[in-house]
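# Remarks on the overall topology
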Amino acid sequence: MAPKDRNRDGKKKKLHFSKIYSFRCGRGGFKEDHGSIGGPGFSRVVYCNEPADFEAGLRNYPGNYVKSTKYTVASFFPKALFEQFRRVANFYFLVVGTLAFTPLAPYSAVSAIIPLIIVIGASMVKEGIEDWRRQQQDMEVNNRKVKVHHGDGLFQNTEWKNLRVGDIVKVEKDEFFPADLLLLSSSYDDAVCYVETMNLDGETNLKLKQGLEVTSFMNEDVNYKDFKALVKCEDPNANLYTFVGSMEFEEQQHPLSPQQLLLRDSKLRNTDYIYGSVIFTGHDTKVIQNSTDPPSKRSKIEKKMDKIIYFLFGVLFTIAFVGSIYFGIVTKKDLDKGHNRWYLRPDSAKIFFDPKRAPAAATYHFLTALMLYSYLIPISLYVSIEIVKVLQSMFINQDIHMYYEETDKPAHARTSNLNEELGQVDTILSDKTGTLTCNSMEFIKCSVAGTAYGRGVTEVERAMAKRNGSPLMVNGKDVVEDSPKSATKSSIKGYNFDDERIADSNWVNELHADVIQKFCRLLAVCHTAIPEMDEETGKVSYEAESPDEAAFVIAARELGFEFYRRTQTTVSVNELDTSSGKKIEREYKLLNVLEFNSTRKRMSVIVKDEEGKILLLSKGADSVMFGRLGKNGREFEDQTREHVNEYADAGLRTLLLAYRVLSEEEYKIFNEKFLEAKNLVTADREALIDEVTETIEQDLILLGATAVEDKLQPGVPECIDKLAQAGIKLWVLTGDKMETAINIGFACSLLRQGMKQIIITLETPEIIALEKGDDKNAIAKASRQSVIQQITEGKAQVRSSSEAFALIIDGKSLAYALEDDTKNLFLELAISCASVICCRSSPKQKALVTRLVKDGTKKTTLAIGDGANDVGMLQEADIGIGISGVEGMQAVMSSDVAIAQFRFLERLLLVHGHWCYRRISSMICYFFYKNVTFGFTVFLYEAYASFSAQPAYNDWFLTLYNIFFTSLPVIALGVFDQDVSARFCLKFPMLYQEGVQNLLFSWRRIIGWMLNGVCSAVIIFFLCTKALDPQAFNKNGKVAGFAVLGTTMYTCVVWVVNCQMALAVSYFTLIQHIFIWGGIALWYLFLLAYGAITPKYSSTAYKLFIEALAPAPAFWIVTIFVVISALIPYFCYNAIQMRFFPMYHGMIQWIRREGRSDDPEYCNMVRQRSIRPTTVGFTARSMARTNPLDGRKQNHR
């Protein structure tokens, strides 16, 4: 039964949680925390229940409307245009388009400006659609409804966007808070409520909040008819965990703290309703103050593409400059006798060909040439890449192999900017809990009264047995790993305990049955969980602050001690009565809860049982609990300590359980001090509470220890193995202690037997001795020297051996290793090790390590995590991957790609990453090839025409080349091409290294494609000109004119670049056939249609195809001959490379084409290139164990 239970008369039971928890009920004097109210930064004044008051209106606070869009209707065009013209290529084409309206233009202005309008328009449409989607999300949030007080005690549904500061709102169970609210009262009589902050910090555990005592009675609508209060508090800020203010109510001042503040986007749980006053609205709320724009990330390929554009600009300016100088020199000589350019009429020329003003003519020619050669720069490159990336992201999102059925979550590429970066990852930095593991705790073992219980086998124990080559031993007995019993798994979530000695009430027959009874009782009573009973099935489920705590309550229930009700100050448990053998109901009066925090590392409850005994029940970390045991409570200490160490070695999380009996007098003295401390309003309140609890949590009697397992996610070892074979390094950054992290490392094959461990820690006797003193400078100096010495020794070890090393460093040492004068030394050691594990890392340290690896190696880094503590790391890395697990959506919302399980990373990188990298690389190289081919034919013709700025082609031929005749095949290449199938990508992971080493987008390859373009242009130009001039072109004896030559060259260019695409494609689809051959067919159809238009518009193309080209056999023969000739150089180069110097993907293609994909020996030979002595993963481990010497020789071939 949940705490919202009611009595039979319908009245709520009065639950005064403030009496038992250590939070303060809202009363007390003003101390140092509230002395600054009214000063700078603390000037906000809120008139509660009077939002329309004249003085409230003068404050001019923002409304609750939230906007995340980049544009408004008015700002869209100017801002979007500015974004587009920030790209240097687009700005260049804008300048060229503007110059096209001057007499300098070698073509019509319309033909120059239309491609720019199409490209810019397409990009702006994409921007507009994305912003429209953001607006739809904003509308959904802003139009949510909440009950607001409209006077006379009446509450009406109102949209969130209409809320004002000072409004009184009523929020009901499972609803989100619409703004930052001051909690006034709740369905509980002492104004407490439970809040889930998943959207704020990613945590799913519930937080307890409490309103002021003076407003706690106001839990009916009618109470707010005449309610008035004045709140003075801090100004809007981003700190989620502080709030300083005061409330003037009934002429009394009452201090406010974070305990009374309910933050926007958190959710009300396990509470029927709350009333609150709006304090911060809209963009003033703390969650939106925290929402910074994610860092702008651009892929390395995109950055390199900018450099290629600049390079082509350099080529363009150079040839324009050289041509203009030549033109100026020749123009000056035009009046000399014997000069041939009589047709330019130099004697009557104006500016452009005037020999008397040759320098001016050369200058004007330079500007004309800049426009004419603009076709070297691919105008549609950026928009084509954006289209391709969006389509690639859709394929990632729809990949059924990355869909997790259990949570109904597919992969989600949240940005398409980084698709190709997924194929270039050198280092992965991973969180552990919730990322490598499930963050779903299971009670699996326990030690009670010095006896170990639980026959379950953890994944870490299996891994340990494998690496030791010994059989599995549990409680001194062999376990057959493949036996049905070892394979069985409990169907109860959180419970995987198997031991017939204490299950099914058999514990009563054990030697220390009384201790087992107290142990189980403690599990059932010492917690803050809330029971919820399903009315249909009668089963009890629990809402707990952590997965560990839920596992303990479930374990108690399964062992016969069912916690089923929490009332005002009692906990009710159904437990076995040893005398009668029947289940009886026992009620424990809950006097105090001493809460867990990271400093105390324990939690306790003080209860009074039915016999009147006052008991202190405590559970906590072994590091603090062993020292709190009394002399008479250490009977089982040695055995328990031994069991705890064994559990830690098995990768389990352990807690000690202990208790003591308190006398009435002792409790009375403690309670007076405890109440006094918790009702203070001072900065050191928490320290004073800890001081009081410290005195009572002494002289404990040890009962035993619990061990819960945070299981590895399915497929993690296999995924790590594949990533290691792909040459990707994996670093684990975790907040866990070193022993647990090391054992998880062995379980997931990140570490292996025989791998030498370099452990950097400050847990040395010298440092520990110094820490007992107070000289912080001496501690820091000694710690720094110790870390530097350990790193230096580690580097020497690595240099002197060819073995694989693992680096393991704790949080304290990491703080010094990341200092400016040490970090490069640390990085050098880390990158020379096969695996790196950073333990006890803070969120800030995770982000700093990520930045160090990214900046230090200059290679692509990927961070993967699932919690709010991983956000800094995800945003700092080149690529952030969020796991949509049980720790909320904070990591996902800050990520670039979201996946549901770590194992999906294998397919995301090795398949989609490789494909996207290859597709984008090939696409860009091909783009530059086709533009260089086209641009150089224009240049060669202009040179042929004595640099007279005469274009080789009709204006509209120039315009439509990049838009219609060659653009669609390249988009199809970027979306559909596969050099290797998904199965082969996974079978031969080393293929991934082509992206890491950037083999497909190196300067050599880019320049190679450009030279291929130059070669094609030279062949097309010279073969066409020599074949058509001066021979007769048709049967009437006419020679080919300018129009015939230009159109024939253009036809050859369209054929050559599309056939080149056909040669470059590895994986043909119907769409690619349609686009490639359709592009060529479209050219002929266009030539027919355009030629049919009046000569006023078609100019040189008027009836050209029908009357001149089609009837002439020379046109068709020249086209075929030129196309074959232009493709021969690439075909020969490709054939020689594939036969004698194949790249890794070429070798795999040979395997597929020769039908040797099922030949294990041949495939293994190719795959062996992936395995190196430093590689981690179980494949490398098994090789190192079976034949280390042969493996090493093979890997050094």
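Cut-offs applied
- Residues numbered from 1 in each chain as written.
- Predicted model: local features only at pLDDT ≥ 70, side-chain atom pairs only at ≥ 80, totals over all residues.
- Heavy atoms only, no water.
- Helix = DSSP H or I, 4+ residues; strand = E, 2+ residues; numbered from the N terminus.
- Buried < 20%, exposed > 50% of the residue type's maximum accessible area, 1.4 Å probe, protein only.
- Contact = heavy atoms within 4.5 Å.
- Areas by Shrake-Rupley, 256 points an atom, 1.4 Å probe, with all protein chains shown as cover.
- Salt bridge = Lys/Arg side-chain N within 4 Å of Asp/Glu carboxyl O.
- 1 Å grid on protein atoms, 1.4 Å probe; cavity = no way out; pocket = protein on both sides within 12 Å on 5 of 7 lines; lining within 4 Å.
- Points joined across faces, edges and corners; volume = space filled by probe spheres on them.
- Nonpolar A, V, L, I, M, F, W, Y, C, P; charged D, E, K, R; others polar.
- Pairing = 2+ DSSP bridges.
- Axes fitted to C-alpha atoms, helices over the stretch in contact; angles between N-to-C directions.
- Core = buried A, V, L, I, M, F, W, Y, C linked by side-chain atoms within 4.5 Å.
- Polar contact = N/O pair within 3.5 Å; in protein donor to acceptor, adjacent residues only side chain to side chain.
- Left-handed = near helix turned anticlockwise from the far one by under 90°.
- Phe/Tyr/Trp six-rings, centres within 6.5 Å; stacked < 30°, edge-to-face > 60°.
- Expected span 1.5 Å × (residues − 1).
- Bend = angle between axes of the 7 residues up to and from the residue.
- Patch = residues over 30% accessible without salt bridge, like charges linked within 9 Å, V, L, I, M, F, W, Y side chains within 5 Å.
- Lys, Arg positive; Asp, Glu negative; His and termini not counted.
- Charge placed at Lys NZ, Arg CZ, Asp CG, Glu CD.
- pLDDT = per-residue confidence, 0-100.
- Parallel < 35°, antiparallel > 145°, perpendicular 65-115°, else oblique.

Another aspect to go through is the overall build of the protein chain. Check the secondary structure of the protein chain and you find 41 helices and 35 strands. Looking at the protein chain as a whole, 56% of its 1197 residues qualify as buried. Taking contacts inside the protein chain between residues at least 6 apart in sequence as the whole, the part at least 24 apart equals 74%. If you sum the accessible surface of the protein chain, you get close to 51300 Å²; carbon and sulfur atoms cover 56% of it.

This paragraph deals with the pattern of salt bridges. On inspection of all chains with the given rule, the structure shows 43 salt bridges. A salt bridge links Lys389 to Glu302; the shortest N-O distance between them is 3.5 Å. Pair noted here: Lys389 is in helix H9 (residues 381-397) and Glu302 is in helix H7 (residues 300-332), with a separation of 87 residues, a long-range link. Classification of Lys389 as buried rests on a relative accessible area of 4%. Under the relative-accessibility criterion, Glu302 is labelled buried at 15%.

Time to look at empty space enclosed by the protein. One pass over the structure, following the stated rule, counts 5 cavities of 30 Å³ or more. Approximately 150 Å³ is the volume found for the largest cavity. The set of elements that each furnish at least two residues to the lining of the largest cavity consists of helix H3 (88-99), helix H4 (109-142) and helix H28 (955-965). The leading source of residues in the lining of the largest cavity is H4, at 4 residues. For the lining of the largest cavity, a count of residues per class yields 10 nonpolar, 4 polar and no charged.

Across the sheet, which stays open at both edges, the 9 strands sit in the order E14-E35-E34-E33-E15-E29-E32-E31-E30 with mixed pairing between neighbours. Both edges of this open sheet fall to strand E14 (412-413) and strand E30 (756-760), since each of them pairs with a single strand only. With 5 bridges joining them, strand E15 (residues 425-430) and strand E33 (residues 860-865) adopt parallel strand pairing. Looking across to E33, one finds that Thr427 is bridged to Thr861. Helix-sheet contacts for helix H21 (residues 776-799) involve E30 and strand E31 (805-809), and the interaxial angle to E30 is about 165 degrees.

The subject of this paragraph is the nonpolar core. Counting 117 residues, the largest nonpolar core has Tyr373 and Tyr953 as the members making the most contacts within it. Considering each element in turn, this core owes the most residues, 16 residues, to helix H27 (residues 904-944). If we skip the residues at most four places from it in the chain, Tyr953 touches Phe934, Thr937, Val938, Leu958, Gly1046, Met1049, Tyr1050 and Val1053.

Let us now look at the side chain of Asp878. Structurally, Asp878 can be placed in the loop between helix H25 (871-876) and strand E34 (879-883). The exposure class assigned to Asp878 is buried, which follows from its relative accessible area of 15%. Among the polar contacts made by the side chain of Asp878, one reaches the main-chain amide nitrogen of Thr861 at a distance of 2.9 Å. Apart from residues no more than four positions distant in its own chain, Asp878 is found in contact with Lys297, Lys300, Leu418, Glu421, Lys854, Lys859, Thr860, Thr861 and Asp896.

Take the side chain of Asn142 next. Looking at where Asn142 falls in the secondary structure, it is placed in helix H4. The class of Asn142 is buried, set by a relative accessible area of 1%. With residues near it in sequence (within four places) discarded, Asn142 still touches Asn64, Tyr65, Val66, Glu159, Trp160 and Lys161.

Moving on, we come to the packing of helix H2 (residues 76-85) against H4. Interhelical geometry of H2 versus H4 gives an angle of 115 degrees and a closest axis separation of 10 Å. Crossing hand, H2 versus H4: right-handed. In this structure, H2 contributes Phe76, Phe77, Ala80, Leu81, Gln84 and Phe85 to the contact, and H4 contributes Leu116, Ile120, Ser123, Met124, Glu127 and Gly128. Its residues assigned to classes, the contact of H2 with H4 shows 8 nonpolar, 3 polar and 1 charged.

With 5 of 6 residues buried, strand E22 (residues 561-566) lies mostly within the body of the structure. One ladder, built from 5 bridges, connects E22 with strand E23 (residues 570-576); its direction is antiparallel. If you follow Arg566 over to E23, its bridge partner there is Val571.

The strand order E1-E8-E9-E10 describes an open sheet built from 4 strands, whose pairing is antiparallel. Each end of this open sheet is capped by a strand with a single partner; those strands are strand E1 (44-48) and strand E10 (252-256). Going across the sheet, the axis of each strand differs from the next one's by a mean of 20 degrees, ignoring polarity.

Our next topic: the packing of aromatic side chains. Scanning all chains against the criterion turns up 56 aromatic pairs. Between Phe934 and Tyr961, the ring centres sit 4.0 Å apart and the planes meet at 10 degrees, which makes this aromatic pair stacked. Here Phe934, found in helix H27, pairs with Tyr961, found in helix H28; they are 27 residues apart in sequence, far enough to count as distant. Ring geometry for Phe939 versus Phe947: centroids 6.2 Å apart, planes at 55 degrees, classification tilted. Each of the two residues, Phe939 as well as Phe947, counts as buried. Taken together, the aromatic side chains of Tyr107, Tyr375, Phe934, Tyr953, Phe957, Tyr961, Phe965, Tyr1050, Trp1083, Phe1086 and Tyr1090 make up a single cluster linked through ring pairs.

Attention now goes to helix H34 (residues 1070-1092). Over its 23 residues, H34 extends 32 Å from the first C-alpha to the last, a length consistent with the 33 Å expected when each residue adds 1.5 Å. Roughly 30 degrees is the biggest bend found in H34, and it falls at Gly1078. Along H34, the residues that are buried comprise Gln1072, Ile1076, Gly1079, Ile1080, Trp1083, Tyr1084, Phe1086, Leu1087, Tyr1090 and Gly1091. On its buried face, H34 is in contact with H28, helix H29 (967-976), helix H33 (1042-1064), helix H35 (1095-1098), helix H36 (1104-1109) and helix H37 (1113-1140).

We now examine H37. The end-to-end C-alpha distance of H37, which contains 28 residues, comes to 40 Å, matching closely the 40 Å that a straight helix rising 1.5 Å per residue would cover. At Ile1128, H37 shows its largest kink, close to 35 degrees, and the proline Pro1129 lies no more than four residues downstream. Inspection of H37 places Phe1115, Val1118, Thr1119, Val1122, Val1123, Ser1125, Ala1126, Leu1127, Tyr1130 and Met1138 among the buried residues, and these make up the whole buried set.

Moving on, we come to the environment of Ala1027. Considering the arrangement of structural elements, one finds Ala1027 in helix H32 (residues 1003-1028). Taking the relative accessible area as the measure of exposure, Ala1027 reaches 36% and is therefore partly exposed. Along the primary structure Ala1027 and Leu1045 are separated by 18 residues, whereas in three dimensions their C-alpha atoms are 9.8 Å apart.

Among the surface-exposed residues, Phe964, Leu1082, Leu1085, Leu1088 and Ile1106 lie close enough to one another that they form a single nonpolar patch of about 450 Å² accessible area. By the secondary structure assignment, Leu1082 is in helix H34. Look at Leu1082 and you get partly exposed, because its relative accessible area is 34%.

Once that is clear, we can look at a negative patch on the surface. A cluster of acidic side chains, namely Asp638, Glu642, Glu646, Asp649 and Glu739, defines a negative patch on the protein surface. Per-element accounting of the negative patch gives the leading share, 4 residues, to helix H15 (residues 637-649). Its location among the elements puts Asp649 in helix H15. On the accessibility criterion, Asp649 (36% relative accessible area) is partly exposed.

Summarising the model, the protein chain shows a mean pLDDT of 83, and 85% of its residues fall at 70 or more. Overall, residues 1185-1197 carries pLDDT values under 50, and its contacts beyond four positions in sequence, including any with other chains, amount to 13 contacts.

Turning our attention to the packing of H29 against H34. The N-to-C vectors of H29 and H34 enclose an angle of 160 degrees; their axes lie 8 Å apart at closest approach. Between H29 and H34, the angle is such that the two are roughly antiparallel. Crossing angle aside, the handedness with which H29 passes H34 is left-handed. Residues Leu968, Pro969, Ala972, Leu973 and Phe976 of H29 pack against Ile1071, Gln1072, Phe1075 and Ile1076 of H34. Its residues placed into classes, the contact of H29 with H34 shows 8 nonpolar, 1 polar and no charged.

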